[in-house]
Amino acid sequence: MSALPFDLTQKELRIGAVGAVVAAVAALLPLVDQGYYLSLSVNIMMYAALCTAWSLFSGPTHYVSLATAAFFGLGTYSVALWIDFLPFPLLVGLGAVVAAVVAGLVGAATLRLSGVYFVIFTLGLAELVRQLMTWGQAKFTGKMGLYVFTDFREMHIYWMLLALTVVVFVTGWAINRSRLGFAMQIIGNDETVARHVGIDTARSKIILFMISGAFIGIVGAICAPRYAYIQPTSAFNPMISFLVVIMALLGGTKRLWGPLVGVIPFTIVMDIVNSRFPNHTSIVIGLAFLAIVYFIPNGVTGVIEQARAKWRARNGAAASAERAA
């Protein structure tokens, strides 16, 4: 009898059990520390959610999107603009919808592009949205920023980001086992072949781009209460886009959990750099990007997998030699 699409293998059950234990342990952190380490962990969890959501689309397609800041800022402003009128959970959903709609519109217009053209367009998108938001605020409200007052503390934001990260992982796993995931694997390997076998490549990429954008919008909405005072320059900060790309590439995008390998150490490094060398952040980011692309283009997980493949090949060759002898 053939297995159902979502039947779990023993390996997946083990990975799921380990992931559940890790998430449960991580959820206890706010009960242990309410100071620096909690604040650092919120940053780690924020980028974990962002990088994993980014990898949902950019991992299988190999499209480097710099639109993260745009979707993040749209989620943030969905909360900032309506916090006095609508409940917070509804605003989080609104942030997801707004980001997904914009992702769909942008995807329909740009996903026929590839390479550097797509990268430049997505970078320009974040700047365009930021400029439009700045103009709109100045013209219609006469303000340069908006206050977001809620009862949420940093521990609540941490728990929400942790739950979202788990949801993103489960969604990614489900997509990988679906027809959409199978289609994206073929598109990532050779988009021309995918079109020839009847896959609607544009539709598949747009759907995945919308899912990725929606999750990034949710992250922005959840983080809005943390900033308290929202400005376009902070909500649509292009540094968010660059950091997400660097962290994801450092960890590796061939595995859903790969970006986490890059998020944790790089967030800690950036925290140290920001506190000790605040004027040299851009230099560190630039050097890190060059080093990752040049030395570990497949990320840390790629290096680990290559080492495991060599070890298995060596052991296989040794076993064959013993049997021959």
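Basis of the calculations
- Residues numbered from 1 in each chain as written.
- Predicted model: local features only at pLDDT ≥ 70, side-chain atom pairs only at ≥ 80, totals over all residues.
- Heavy atoms only, no water.
- Helix = DSSP H or I, 4+ residues; strand = E, 2+ residues; numbered from the N terminus.
- Buried < 20%, exposed > 50% of the residue type's maximum accessible area, 1.4 Å probe, protein only.
- Contact = heavy atoms within 4.5 Å.
- Areas by Shrake-Rupley, 256 points an atom, 1.4 Å probe, with all protein chains shown as cover.
- Core = buried A, V, L, I, M, F, W, Y, C linked by side-chain atoms within 4.5 Å.
- Phe/Tyr/Trp six-rings, centres within 6.5 Å; stacked < 30°, edge-to-face > 60°.
- pLDDT = per-residue confidence, 0-100.

## Some points on the overall build of the chain
No. 1: When helices and strands are counted, the chain shows 15 helices and two strands.
No. 2: C-alpha atoms of the chain, sized along the principal axes, occupy 85 × 50 × 45 Å.
No. 3: Looking at the 325 residues of the chain, the share that counts as buried comes to 43%.
No. 4: The long-range fraction of contacts in the chain, counting pairs at least 24 apart against all pairs at least 6 apart in sequence, stands at 80%.
No. 5: For the chain, the exposed surface amounts to about 17300 Å²; the carbon and sulfur share of it is 68%.

## Examining the nonpolar core
No. 1: The biggest cluster of nonpolar side chains holds 88 residues, and the ones touching the most others in it are Tyr47, Leu50, Leu161 and Val219.
No. 2: Once residues within four sequence positions are removed from consideration, Tyr47 is found in contact with Ile240, Leu243, Val244, Met247, Val263 and Thr267.

## Concerning the packing of aromatic side chains
No. 1: Per the counting criterion, the structure on display carries 13 aromatic pairs.
No. 2: Pairing Tyr36 with Tyr37 gives two aromatic rings, centres 5.2 Å apart and planes at 70°, and the pair type is edge-to-face.
No. 3: A connected cluster of aromatic rings, assembled from ring pairs, spans Phe57, Tyr63, Phe71, Phe118 and Phe209.

## Side note on the confidence of the model for the chain
No. 1: A residue-level look at the chain finds 94% of positions with pLDDT of 70 or above and a mean pLDDT of 86.
No. 2: Throughout residues 1-5 the model reports pLDDT below 50, and contacts reaching past four residues in sequence, or to other chains, amount to two contacts.

## Digging into the side chain of Thr76
No. 1: Mapping Thr76 onto the fold places it in helix 4 (residues 68-82).
No. 2: With residues up to four places along the chain from it excluded, the contact list for Thr76 reads Gly220, Ala221, Ala224, Ile230 and Ala235.

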